[in-house]
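Close look at the chain arrangement
The primary structure of each chain is shown beneath.
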Number of protein chains: 2
Amino acid sequence: MPLTGHQLIGATARRGSGEAFHAVHAASGEIIADPAFHGASLADVDEACTLAARAFDTYRALPDEARAAFLDDIAARIEAIGDALILRAMDETGLPRARLEGERARTTGQLRMFAALVRSGDAWDARIEPALPQRQPPRTDLRLRRIGIGPVAVFGASNFPLAFSVAGGDTASALAAGCPVVVKAHPAHPGTSELVGLAVQAAIAAAGLPEGVFSLLFDAGHEVGAALVAHPAIQAVGFTGSRRGGLALMAIAAARPAPIPVYAEMSSVNPNILLPAALARRGEALARDFVASVTLGCGQFCTNPGLVLAVGGEAFERFVAAAASAIAAVPAGVMLTAGIARAYAEGVERLASHPAVTTVAQGAKASGRATASLFRVRATDLLADARLAEECFGPCSVLVECEDADQLRRVLEQGEGQLTATLHVDDADHDAARALLPVLERKAGRILANGFPTGVEVCDAMVHGGPFPATSDGRSTSVGTAAIERFLRPVCYQNLPDALLPDALRDGNPLGLRRRVGGKVEAVATPA
Amino acid sequence: MPLTGHQLIGATARRGSGEAFHAVHAASGEIIADPAFHGASLADVDEACTLAARAFDTYRALPDEARAAFLDDIAARIEAIGDALILRAMDETGLPRARLEGERARTTGQLRMFAALVRSGDAWDARIEPALPQRQPPRTDLRLRRIGIGPVAVFGASNFPLAFSVAGGDTASALAAGCPVVVKAHPAHPGTSELVGLAVQAAIAAAGLPEGVFSLLFDAGHEVGAALVAHPAIQAVGFTGSRRGGLALMAIAAARPAPIPVYAEMSSVNPNILLPAALARRGEALARDFVASVTLGCGQFCTNPGLVLAVGGEAFERFVAAAASAIAAVPAGVMLTAGIARAYAEGVERLASHPAVTTVAQGAKASGRATASLFRVRATDLLADARLAEECFGPCSVLVECEDADQLRRVLEQGEGQLTATLHVDDADHDAARALLPVLERKAGRILANGFPTGVEVCDAMVHGGPFPATSDGRSTSVGTAAIERFLRPVCYQNLPDALLPDALRDGNPLGLRRRVGGKVEAVATPA
């Protein structure tokens, strides 16, 4: 089926009345002429949001099994698009086939993981405190469950055209929570967005759900996104992108008559700390793995290791030399968009021209391509100019030479919030690591040992989040089952007749949920 | 021990360098001359916050049992103050002895409930996803727990001088989460605040905790509170008070270089809906119980039923008549402060003089006292002027006469977020109730049947929260065990050597926590 460039508003697919724009072939920079994508008008935004609000009560009242089956069906329909999805995403993003096939598997796996979470009912956090009529004063019956917060606005991210886009983690967790979703497609992969959006729309029709459960809007600029976040029907926002973009959405959300939460994942340099014993024993191997992580996917990961900290000395110099040779061998890379490539080139130039920064090595150069770049700086200079630790999105990293362990700790302590922090640690480094862990716990959402932060596992125990400015809200994660909590709020039912209670809280536990009753977790019969 | 009027900064008790103010005897309006309380200077704020930041890592690393014992000890020390606390609180607030004794029991019960929660370890939400080395790609070991968010600023509330003040629910849940607390005392009960503050300070000294775990600052104005919320060390805010106050703190928090969450509980009219069968069968009894709830504690509860909705007709008129006689018999009441009494009088006057409002009945009048007041309005007029549904804090309620069930639903749908919503319902009303429940779930944190919302049980299943503007953050509760979640954030540990993991996540489960391992909740041996 050919692409149409139509936005999807509820059950309809029709041309936006806003300005037209085109997808761009990332590798060649050439425009993909057909189709034109038309931006949404403010009336389109209002219509999508109003439909979402209208769909909310019906959608959130669906039995768990029906909502789970809907998520499973979205996954199946994304798979059924077949190679057309991969080919279009390759064209629009410049990402290689293997990466996009892996990302598709992650996307569908994620939808199925949330389906399983919905089936388990654990996210509803059912609690019952039975009446205590004999107590003085008597206690009346109290029951709690979590319900969806309301319609959610989701912004597709440029660097994950499937897993953080139209039916990515934000959408999957919001739909799992019982929230309708209005997606603002990222203009860097509008065709990919349309294909996935049509799959979601078809799943809604097949399940007979209210059409407002999902809409997909286009816009090459910022107006549609701003109107979406400001719309009274929208109750929460999911965003992955630049710090500037995230801060703009936070400001709009905070200025609403009724402010709403924004979950923006914005920027992180993901410090890697090379502890002395590990550095001395396996510095060269670390350097090679580090460069592989820095340049993976042309460095376009939120978890890219953009800062390396170690105490200076001979072992550090060997690490630097090994990393330099590895970087020098890196071919020039295709970036997601011309804008990202430009911003990267500017970031590299800003670092290279800073008087306190030494360029360690660069990879191959090619017109319109990104050059892998490695810099070094003394911790003293970094402490004097925190901008040296700002994210330069792309295949770039800054090596920080510290005078001693204390100074290394100070660099971390003065640094900003991060998605991840990594310790490279041998047995002899345990005391040094233990001294740093409290700082890392305060500064990062995920702490790794002896690995690299690129590669985010989708599971119960993942945290893809972290203190500001890594995200707008360090209490949350955008990956893993805990991501559903962002879109839930608790409601208490006091003394309701059993017939008026939601099934999750009724006497006799008709849904077979794991409930907390009188402070104890109810035993639930598990099928053998 | 006589009061000193000293602020408590860490382990010290010393005169603030800001302006002096005095407590006021609520019933007489006379100044209590001794002692003078001195407001904190900005240097005092900075010192308290810096000490809190310094105490954080040590305090949050305390074994669960030690942190729980500390909370228990605060409770015991508050009890040990004895009658001096009750007498001082009676003077400062005008609340009667029985109420304050009950509130003290709630306060100490709350501290002990959080101690039990800390001992259970359930709030740390420990999750383990074991490594899957055979999987392609292999999965590395991932573990998650929740830790404290950092130092928390707590604002004492005027209407709960114990349970929502210095060692109230916000402080107890923040301390339980592992967060140091800096309290801004409410100037309406500074002596009560000093007494409780000294108990907390003594518990810290007895446990040998870092002094910065708790500080108590005074200020009769807004400067200290504003500086506290803006201080870089503060990571979250707990507040109960006026909408204007809460909005001001939200604005300060959002404008920080690193924004922080604000949990402000602000205003609510707690709609009560009289469904036809219940109204017809027991309207008079409902009217008497309703008036008792409206006038309880001189109406100074966040959960005061300030709005009653019913379809007009003969049964409604009987309800109105019964409520009118009950209100007329209510003596004039002492309010917490002269400022609150003035605002109440203005609110009553605003309603009484509104052309669409009829004054149904008023209680006794007395100089400087609050007059219980009952008004009525047609739903059509309320829909035309939403200000008629704004909170008038005190013993006041507005009866709304609706044309039919549809219009009643529209009033709820157009109304603001609420802490509570109550259905008065007989068996024959179940269908009508079922039709309203989806609206109530969206609008309120707690839904009651056949009771009144005043009286908030402290337990696992309580939600004292609700959509904006009832609170700043409808995803949370300020009462009950779930209140601890406000001050926690998740941290993931990837591939850490067992020796570097926190005890909560180590192999062999040394703390005996209920952990989620590989998607299943681990069985934990429970003592018989």
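By the naming in an unreviewed UniProt entry, chain A goes by Aldehyde dehydrogenase (NADP(+)) and is assigned to Cupriavidus cauae.

Residue and element names in this part refer to chain A. Applying the stated criterion across every chain, the model contains 20 aromatic pairs over all chains. Between Tyr59 and Phe70, the ring centres sit 6.0 Å apart and the planes meet at 80 degrees, which makes this aromatic pair edge-to-face. Of this pair, Tyr59 sits in helix H1 (residues 42-60) while Phe70 is found in helix H2 (residues 64-81), placing the two residues 11 residues apart along the sequence. Across the pair, exposure class does not vary: Tyr59 and Phe70 are buried alike.

UniProt records the feature "domain: Aldehyde dehydrogenase" (unreviewed entry) for residues 18-457 of chain A in the present numbering. For residues 18-457 of chain A, helix accounts for 45% and strand for 19%, while the C-alpha atoms at its two ends are 38 Å apart.

In this section: the domain arrangement of chain A. Residue and element names in this part refer to chain A. Segmentation of chain A into domains returns domain 1 (10-266 + 477-486) and domain 2 (272-449). Averaged C-alpha coordinates put domain 1 and domain 2 at centres separated by 33 Å. Taken residue by residue, the interface counts 15 residues in domain 1 and 13 residues in domain 2. Buried area between domain 1 and domain 2, both sides added, is near 1,000 Å², and the carbon and sulfur share of it is 57%. Linking domain 1 to domain 2 there are 3 residue pairs in polar contact (both at pLDDT 80 or more). Taken together, the residues of the side of domain 1 that touches domain 2 sort by class into 6 nonpolar, 5 polar and 4 charged.

Turning next to the pattern of salt bridges. What the rule picks out here adds up to 85 salt bridges over all chains. Between Arg516 of chain A and Asp460 of chain B there is a salt bridge, with its nearest N and O atoms 3.9 Å apart. Of the two residues, Arg516 of chain A sits in strand S20 (residues 516-517) while Asp460 of chain B sits in the loop between strand S18 (444-449) and strand S19 (488-494), which places them in two different chains. Comparing Arg516 of chain A with Asp460 of chain B, the two get one shared label, buried. Linked by salt bridges that have partners in common, Asp57, Arg60 and Arg145 of chain A together with Arg409, Glu413, Glu441 and Arg442 of chain B make up one network.

What follows is about the sheet that holds strand S19 (residues 488-494) of chain A. Pairing within the open sheet is mixed, and its 12 strands lie in the order S21(A)-S20(A)-S5(A)-S6(A)-S19(A)-S18(B)-S17(B)-S12(B)-S13(B)-S16(B)-S15(B)-S14(B). Of all the strands in the sheet, the pair left with one neighbour each is strand S21 (520-521) of chain A together with strand S14 (358-362) of chain B. Contacts from helix H9 (residues 276-295) of chain B reach strand S12 (272-274), strand S13 (307-311), strand S15 (373-378), strand S16 (396-402) and strand S17 (418-424) of chain B within the one sheet, and its direction differs from that of S16 of chain B by about 160 degrees.

All names here are of chain B. Look at helix H8 (residues 243-255): 18 Å from first C-alpha to last across 13 residues, which is about the 18 Å you get at 1.5 Å a residue. The set of residues buried in H8 consists of Gly246, Leu249, Met250 and Ala253. An end-on view of H8 places all buried positions within 105 degrees of arc, on one side of the element. Summarising the geometry of H8, the exposed residues directed more than 90 degrees from the buried face are Arg244 and Ala255. Turning to H8, the residues buried within the fold contact strand S7 (152-155), helix H7 (223-230), strand S10 (236-240) and strand S11 (262-265).

Between chain A and chain B, the contact holds 69 residues from the first and 69 residues from the second. When the two sides are added together, the surface that chain A and chain B hide from each other amounts to roughly 5,800 Å², 53% of it contributed by carbon and sulfur. The largest share of the area that chain A buries against chain B comes from Glu441, Arg475 and Leu500 of chain A, three residues that together contribute 13% of it. At the surface where chain A touches chain B, the tally comes to 18 salt bridges.

Next up on the list: the sheet that holds strand S12 (residues 272-274) of chain A. Sheet strands associate in pairs through backbone hydrogen bonding, adopting either a parallel or an antiparallel arrangement. Here 12 strands make up an open sheet; going across it, the order is S14(A)-S15(A)-S16(A)-S13(A)-S12(A)-S17(A)-S18(A)-S19(B)-S6(B)-S5(B)-S20(B)-S21(B) and the pairing mixed. Strands with a single pairing partner mark the edges of an open sheet, and in this sheet they are strand S14 (358-362) of chain A together with strand S21 (520-521) of chain B. Along the sheet, helix H10 (residues 314-328) of chain A contacts S12, strand S13 (307-311), S14, strand S15 (373-378) and strand S16 (396-402) of chain A; its crossing angle with S15 of chain A, the most-contacted strand, is approximately 155 degrees.

Most of the time, phi is negative for any residue but glycine, and the peptide bond is trans. Residue and element names in this part refer to chain A. Note that the residue after Asp34, namely Pro35, is joined by a cis bond; omega there is 0 degrees. Along the chain, Pro35 falls in strand S4 (residues 31-38). At the junction of Phe468 and Pro469, the peptide bond is cis and its omega measures out at 5 degrees in the coordinates. At Asn509, a residue that is not glycine, the phi angle is positive and equals roughly 50 degrees. Among the secondary structure elements, Asn509 is positioned in the loop between S19 and S20.

Between chain A and chain B, which share one sequence, the superposing operator has a rotation angle of 180 degrees and an axial displacement of 0.0 Å; the RMSD is 0.0 Å. Such a turn and shift between the copies fits a two-fold axis. Relative to the rotation axis, the C-alpha of Ala254 of chain A is the closest in chain A, positioned 3.5 Å from it. When the interface residues of chain A are mapped onto chain B, 100% of them again lie at the interface, so the same face is used by both copies.

Glancing now at the side chain of Arg67 of chain A. On the secondary structure map, Arg67 of chain A appears in helix H2. In this structure Arg67 of chain A is buried but unpaired, with Asp64 of chain A as the nearest side chain of opposite charge at 5.1 Å.

The rules we used
Every residue gets a number counted from 1 within its own chain, in the order that chain's sequence is written. Written order decides the labels, with chains lettered from A and ligands numbered from 1. Side-chain atom pairs in this predicted model are given and counted only at pLDDT of 80 or more, local residue features only at pLDDT of at least 70, and totals for whole chains, interfaces and linings cover all residues. With hydrogens and water stripped out, all remaining heavy atoms of the structure feed into the side-chain values. Here the aromatic set is Phe, Tyr and Trp, taking the six-membered ring for Trp, and pairing holds for ring centres within 6.5 Å; pairs whose planes are under 30 degrees apart are stacked, those over 60 apart are edge-to-face, and all others are tilted. Put simply, DSSP H or I for four residues or longer makes a helix, DSSP E for two residues or longer makes a strand, and each gets a number counted from the N terminus. Note on classification: 1.4 Å probe, protein chains only; a residue is buried when its accessible area is under 20% of the maximum for its type, exposed when over 50%, partly exposed between these limits. UniProt positions are given in the numbering used here, feature names are shortened, and annotations may be inferred rather than shown by experiment. These domain boundaries are the output of an automatic or database domain assignment. Throughout, a contact is declared for two residues whenever any of their heavy atoms are within 4.5 Å. Note on definitions: buried area is the accessible-area loss of two parts on being combined, 1.4 Å probe, summed for both. For this analysis, a polar contact is any N or O atom pair within 3.5 Å, provided that within protein one partner can donate a hydrogen and the other can accept it, and provided that sequence-adjacent residues contribute only side-chain to side-chain pairs. Each residue is assigned to one class: nonpolar for Ala, Val, Leu, Ile, Met, Phe, Trp, Tyr, Cys and Pro, charged for Asp, Glu, Lys and Arg, and polar for all the others, Gly among them. Definition used for salt bridges: Asp or Glu carboxyl oxygen within 4 Å of a side-chain nitrogen of Lys or Arg. A pair of strands counts as paired when DSSP detects no fewer than two bridges linking them. Axis angles are defined between N-to-C directions and span 0 to 180 degrees, where every axis is a line fitted to C-alpha atoms and, for a helix, only to the segment in contact. To estimate how far a helix should reach, multiply one less than its number of residues by 1.5 Å. By construction, the arc corresponds to the directions joining the helix axis to the C-beta atoms. Copy-to-copy alignment: least squares on C-alpha atoms, limited to residues at pLDDT 70 or above in both. Charge counting treats Lys and Arg as positive and Asp and Glu as negative, with His and both chain ends excluded.

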